[in-house]
Amino acid sequence: MAMGGLISNRNLASFIASGNQRGIHGADISNRVMFPKALCRNHQPRKLVSLQASLQHNLGHRTSFGCFGNLEHHSIRFKNTTKNTSRPYYKSSEESDITEEVVDSLSSSTDGSAEAILVQGSLQNTSPWWQRFPRRWVIVLLCFASFLLCNMDRVNMSIAILPMSQQYNWNSATVGLIQSSFFWGYLLTQILGGIWADKFGGKVVLGFGVVWWSIATVMTPIAAKLGLPFLLVVRAFMGIGEGVAMPAMNNMLSKWIPVSERSRSLALVYSGMYLGSVTGLGFSPMLIHKFGWPSVFYSFGSLGSIWFLLWLKYAYSSPKDDPDLSEEEKNIILGGSKPREPVTVIPWKLILSKPPVWALIISHFCHNWGTFILLTWMPTYYNQVLKFNLTESGLLCVLPWFTMAVLANVGGWIADTLVSRGLSITSVRKIMQSIGFLGPAFFLTQLSRVKTPAMAVLCMACSQGADSFSQSGLYSNHQDIGPRYAGVLLGLSNTAGVLAGVFGTAATGYILQRGSWDDVFKVAVGLYLIGTLVWNLFATGEKVLD
């Protein structure tokens, strides 16, 4: 064909059709074709006389057309330029086949080269990696960061309470009262947080929670100087903020995360709590030693403002609210189903009539009794029983929580792998939660038998490491049995968990005045065994609420 003539429809169409046979028809291609914005580096301009061979080189791969990506939804055309060089222009098309248009004539150039230029559209594989990072995992990481701050601001009191009790002459009962006052507020917003999240979206509710508890954290030293009643009120106010965190997060992830990624995403978010404990317990002693105990509350509380700015910029309550979410990722998240409208009425009677809901409530109570005792009383245990000083108490408390952070993610991957290989969700949830109950029960029974502080710390680490498998058990189950009411369900079951924290933390102080740490651990072990029985009898991984 002459250089200035037209490329015949037949030759060009038959060539491009040979490059991709998944729906591109030669009859649909005429004298206008489409190219992506730019050629990859190793493809240099070619002589126009070998245009067909050049196109075969650049577009000849069957599925992706070489370095250009999939062109099934695009068209290509050639256009003359003032220099008589042929430039391919890129234009997006909504059609699945290459659009048939008229080809502009190709004029021969003095040097016989063709130059590729950018017209419009973009290639996904040329975008920066952070733009290609899945949006759903941006939400997961932001929730992870919020839970990191949540436990940093919570556990700092368990370290600071030691010098505070010396300064203000508090006994064990008063310390237990202060520790439990957090749960007064935490209890109030569990169900309310779930209702608000299901109605108004998790972004607003979780953002409110982080700002609220950060302010309360900063106010703690001031309240302590004013007197015990003021401190109790501020700690309760902090609990109000942290109380909405779990229901709001659960609501968001129920909308953003497909079931095949549910366990690992929740495990990652909850591992933020464990790493928050690691960070709080690790840095609090150093800050207290250098700057005094008030510095812990001022420094940790101020971090919430940084998180809040990122949350406002990148977080959305559901995929349909995110303008930057690609259609491909939206299909992965929704799995072909349409997003549901926000909840307007909570069917309380229906929810409370389901045995799996009560299995969640009872199991959550049994689980949290042991967990919150370990969370709030471990530094005291290390200090009074194992005779570690303040710095050692904080640093050695890090090991169990770090173990939880690692094993929670291991458990999440194991659970998702079992589901993907065909094991029923019900079986996976029961297996993981049984480990989360029986593991801690076994290792707590060994504490009375160990002879050295090192073995006691190891038992604590193993106990809480096994406990972390609960993130792939009961903590994932709310989204299984009622994804539309995930926030309310978590608020409901976590209310029972908070009651365990309130009673367990306060009761521990009174038990220690009249008994020993062995008595404390025996109560926790008994509740772990009750939880195991109830969970395996009544829990399910099937949807029971729609």
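This one's a predicted model, so the numbers in the text were calculated from it and none came from an experiment.

Cut-offs and rules
- Throughout, residues of each chain are indexed from 1 in the direction in which the sequence is written.
- Whole-chain, interface and lining totals are the exception, using all residues; otherwise, since this is a predicted model, local features are given only for residues with pLDDT of at least 70 and side-chain atom pairs are given and counted only at 80 or more.
- Derived side-chain values reflect all non-hydrogen atoms in the structure, with water molecules and hydrogen atoms excluded from consideration.
- Strands here are runs of E lasting at least two residues and helices are runs of H or I lasting at least four, both read from the DSSP assignment and numbered beginning at the N terminus.
- Throughout, exposure labels follow a simple rule: accessible area from a 1.4 Å probe, protein chains only, divided by the maximum for the residue type, with under 20% read as buried, over 50% as exposed, and the rest as partly exposed.
- Throughout, a contact is declared for two residues whenever any of their heavy atoms are within 4.5 Å.
- Surface accessibility follows the Shrake-Rupley procedure with a 1.4 Å probe radius. Residue values consider only the protein chains on display as shielding.
- To define a nonpolar core, start from buried Ala, Val, Leu, Ile, Met, Phe, Trp, Tyr and Cys residues and group those joined through side-chain atoms within 4.5 Å.
- A helix's residues, less one, multiplied by 1.5 Å, set its expected span.
- We define a salt bridge as a contact between a side-chain nitrogen of Lys or Arg and a carboxyl oxygen of Asp or Glu at a distance within 4 Å.
- By convention, a stacked pair of Phe, Tyr or Trp rings (six-membered ring in the case of Trp) has centres within 6.5 Å and planes under 30 degrees apart, an edge-to-face pair has planes over 60 apart, and any other such pair is tilted.
- Patches here are clusters of residues that have more than 30% relative accessible area and form no salt bridge, with a 9 Å joining cutoff for like charges and a 5 Å cutoff for nonpolar side chains (Val, Leu, Ile, Met, Phe, Trp, Tyr).
- Note on disulfides: each one is a pair of cysteine sulfur atoms within 2.5 Å.

1. Focus on the overall build of the protein chain
The helix and strand inventory of the protein chain stands at 19 helices and two strands. Here the protein chain holds 546 residues, and 55% of them are scored as buried. When contacts within the protein chain are restricted to residue pairs at least 6 apart in sequence, long-range pairs at least 24 apart make up 82% of them. Summed over all atoms, the accessible surface of the protein chain reaches about 23,300 Å², with 62% contributed by carbon and sulfur.

2. Some words on the nonpolar core
In this structure, Met164, Tyr270, Tyr381 and Phe521 are the most contacted members of the largest nonpolar core, which totals 121 residues. Looking at this core element by element, the count peaks at 18 residues for helix H4 (residues 135–168).

3. Side note on helix H7 (residues 228–243)
Its 16 residues give H7 an end-to-end C-alpha distance of 22 Å, which sits within 8% of 22 Å, the value for a rise of 1.5 Å per residue. Tucked inside the fold, the buried residues of H7 contact H4, helix H5 (172–200), helix H6 (202–226), helix H8 (245–256) and helix H10 (294–314).

4. Quick word on the pattern of salt bridges
In total, this model carries nine salt bridges according to the counting rule given. Asp416 is the salt-bridge partner of Arg264, the closest N and O atoms lying 2.8 Å from each other. Taken together, the residues Arg264 in helix H9 (residues 262–291) and Asp416 in helix H14 (residues 390–420) connect sequence positions 152 residues apart. Look at Asp416 and you get buried, because its relative accessible area is 3%. Ionic pairing is found between Asp321 and Lys320, a salt bridge with its closest N-O pair at 3.5 Å. A single salt-bridge network, built from bridges that share partners, covers Arg136, Glu261 and Glu329.

5. Some words on the packing of aromatic side chains
Taken as a whole, this structure holds 13 aromatic pairs when the rule is applied. Residues Phe208 and Trp212 carry aromatic rings whose centres are separated by 5.4 Å and whose planes lie at 45° to one another, so their mutual orientation is tilted. Of this pair, Phe208 and Trp212 both sit in helix H6, four residues apart, roughly one helical turn. Taking the relative accessible area as the measure of exposure, Phe208 reaches 33% and is therefore partly exposed. Residue classification places Trp212 among the partly exposed positions, given a relative accessible area of 29%. Taken together, a centroid distance of 5.7 Å and an interplanar angle of 10° make the contact between Trp212 and Phe237 stacked.

6. Here we look at a nonpolar patch on the surface
A cluster of nonpolar side chains, namely Val211, Ile215, Met219, Ile222, Leu226, Phe230 and Tyr298, defines an oily patch on the protein surface of about 630 Å² accessible area. Ranked by the residues each element gives to the nonpolar patch, the list is headed by H6, at five residues. Within the secondary structure layout, Ile222 lies in helix H6. According to the relative accessible area criterion, Ile222 is partly exposed, its value standing at 38%.

7. As for the state of the cysteines
Applying the stated criterion across every chain yields a total of zero disulfides. Of all cysteine sulfurs in the structure, the one in Cys462 sits closest to Cys459, which takes part in no disulfide; the separation is 6.6 Å.

8. Here we look at H6
With 25 residues, H6 ought to run about 36 Å at 1.5 Å a step, and its terminal C-alpha atoms sit 35 Å apart, in line with that. Just downstream of H6, Gly227 is the residue with a positive phi angle, here 140°.

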